[in-house]
2 protein chains.
Amino acid sequence: MGKDVRVARQARGTDGGTASKILDVAERLVQLRGFNGFSYADVAEELGISKASLHYHFAGKAELGEALIERYASRFTGSLDEIETRPIDARAKLAAYAKLYGDVLRRKRMCLCGMLAAEYQTLPKPMRSAVVSFFDDQEAWLVGVLDQGREEGTLRFSGSASEAAQVIVGGLEGAMLVTRPYGDPARFQIAADHLLASFAADAPARVS
Amino acid sequence: MGKDVRVARQARGTDGGTASKILDVAERLVQLRGFNGFSYADVAEELGISKASLHYHFAGKAELGEALIERYASRFTGSLDEIETRPIDARAKLAAYAKLYGDVLRRKRMCLCGMLAAEYQTLPKPMRSAVVSFFDDQEAWLVGVLDQGREEGTLRFSGSASEAAQVIVGGLEGAMLVTRPYGDPARFQIAADHLLASFAADAPARVS
DNA sequence: GTCTATAACGAGATAGAC
DNA sequence: GTCTATCTCGTTATAGAC
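This one's a predicted model, so the numbers in the text were calculated from it and none came from an experiment.

Asker: Explain the pattern of salt bridges to me, using residue names and the numbers behind them.
Answerer: Residues and elements named next belong to chain A. In this structure the tally under the stated criterion is 22 salt bridges over all chains. One salt bridge connects Glu-27 with Arg-109, and the closest N-O pair in it is separated by 3.8 Å. Placement of the pair is Glu-27 in helix 2 (residues 18–33) and Arg-109 in the loop between helix 6 (90–106) and helix 7 (112–118), with a sequence separation of 82 residues. A salt bridge links Asp-103 to Arg-106; its shortest N-O distance comes to 3.0 Å. Residue Asp-103 and its partner Arg-106 are both found in helix 6; the two are separated by three residues, about one turn of the helix. Among the residues examined, Arg-106 registers a relative accessible area of 42% and is labelled partly exposed. Among the ionic contacts, a cluster of salt bridges with common partners joins Asp-24, Glu-27, Arg-71, Arg-75 and Arg-109.

Have a look at this one:
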């Protein structure tokens, strides 16, 4: 493996190095407790290293936060690409998309960017931009699926594909948000199924 | 006005006294920044009083938080009662319900309990219970409206009314959550309209 | 009911040795 | 890369005067 690849993986926190482990722990803590609900001390203790070492890898909490979103978004993009490679129709792609959210919830976590959306007003500017970009990316991918589904006849919706994509992202994030206090994944599934059904073409259109 | 009423109003923060003003400021700060995103110092400075005075009215942040949810839930219940008095069908009641959320969002705020749901894992136990109770109350009211709508033929949905209520609460909370970073209320409205339409009976049923 | 003062703790961050 | 030690500041909370 060339040095460039190694450096790139390290920067992205995809290898098994310390930076990667820091991101793993911090990511879980943010998804569970929020960006304002964890500290460098929490991460350091869990990894058995000092707070000072954290600052070597990530200058400050803001930079750590940026790296968290970047890696999370990158992984999500990877999952979306993988779904695109499957020989399935658009409706099934939508179901696979919803399952990504369900997988996060089954690990007792909130979507990283959904959590950060709640804390949006307290975030440093670079993190804010990254959160919005995450949602933009999600919706751009969904627009492609929705257009495909409308063409092939598996999906049906009124308004623009962009609007429909916003409805889907909001619906899934909200289902995660409200489900977590109840600790019952079935609750999420009901909302997700309803949402998907409201875009399916195999039932008569209902959204005027 | 009798002493009992006065004491009760004071306890609930519905009069214009100091406790009420503290709740007003704290409520806005939590809805904007989250429970872990504001401090006693923030509230004290805005009101021009000392932090120590805050502790006279609310022993600690946890007690302030409980009082916040209690008052918020109580006001919300009042709004639901008011909707119930209107001579309108269930579908219109559902639209009025969604408008309550839209009103919050137009003030740039997140639903108090939606915000607290994100921070759920970091909340003191009494606050957690109060948050869950809030959602339970919302859904109980919605169940009544949904049953009415199904009987009178203005609403249509598959599954139990309870499940439908969960879908509605999650959908509205999620639309608020994702809309706020964009600062565009129209985004919320699109999601809310879609949600309402998916339960309306004037279009053919689509949720299997 | 409100104040000043301060305690007690935790947060993010830095210096400099190893 | 990682450490110990330290700094500075913010946060919650309390004591006690007025």
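Asker: Quick rundown of the protein's contact with DNA strand C? Include the residues and the values.
Answerer: Neighbouring DNA strand C are 18 residues; Tyr-40 of chain A together with Ser-50, Ser-53, Tyr-56 and His-57 of chain B lie closest to it. Sugar and phosphate atoms represent 62% of those atoms of DNA strand C found within 4 Å of the protein. Thr-18 of chain B is positioned such that a nitrogen or oxygen atom in its side chain is 3.1 Å from a phosphate oxygen of DNA strand C. Interatomic distance of 2.6 Å between a side-chain N/O atom of His-57 of chain B and a phosphate oxygen of DNA strand C. The set of elements that each furnish at least two residues to the surface near DNA strand C consists of helix 3 (40–47) and helix 4 (51–57) of chain A together with helix 4 (51–57) of chain B. Looking at the surface near DNA strand C element by element, the count peaks at four residues for helix 4 of chain B. Considering only residue class, the surface near DNA strand C consists of seven nonpolar, nine polar and two charged.

Asker: How would you sum up the relation of the copies chain B and chain A? Please name residues and give values.
Answerer: For the pair chain B and chain A, the best superposition has an RMSD of 0.0 Å and corresponds to a rotation of 180° with a translation of 0.0 Å parallel to the axis. Viewed as a symmetry operation, the transformation between the two copies matches a two-fold axis. Considering only C-alpha atoms, the part of chain B nearest the rotation axis is Gly-174 of chain B, at 1.6 Å.

Asker: So what's going on with the side chain of Ser-198 of chain B? Which residues, and what values?
Answerer: Within the secondary structure, Ser-198 of chain B sits in the segment after helix 10 (185–197). Take Ser-198 of chain B: its relative accessible area is 1%, and that puts it in the buried class. A polar atom in the side chain of Ser-198 of chain B sits 3.1 Å from the side chain of His-194 of chain A.

What counts and how
- Residues numbered from 1 in each chain as written.
- Chains lettered and ligands numbered in written order.
- Predicted model: local features only at pLDDT ≥ 70, side-chain atom pairs only at ≥ 80, totals over all residues.
- Heavy atoms only, no water.
- Salt bridge = Lys/Arg side-chain N within 4 Å of Asp/Glu carboxyl O.
- Helix = DSSP H or I, 4+ residues; strand = E, 2+ residues; numbered from the N terminus.
- Buried < 20%, exposed > 50% of the residue type's maximum accessible area, 1.4 Å probe, protein only.
- Near = heavy atom within 4 Å.
- Polar contact = N/O pair within 3.5 Å; in protein donor to acceptor, adjacent residues only side chain to side chain.
- Nonpolar A, V, L, I, M, F, W, Y, C, P; charged D, E, K, R; others polar.
- Least-squares fit on C-alpha atoms with pLDDT ≥ 70 in both.

None of this, on its own, says anything about what the molecule does.
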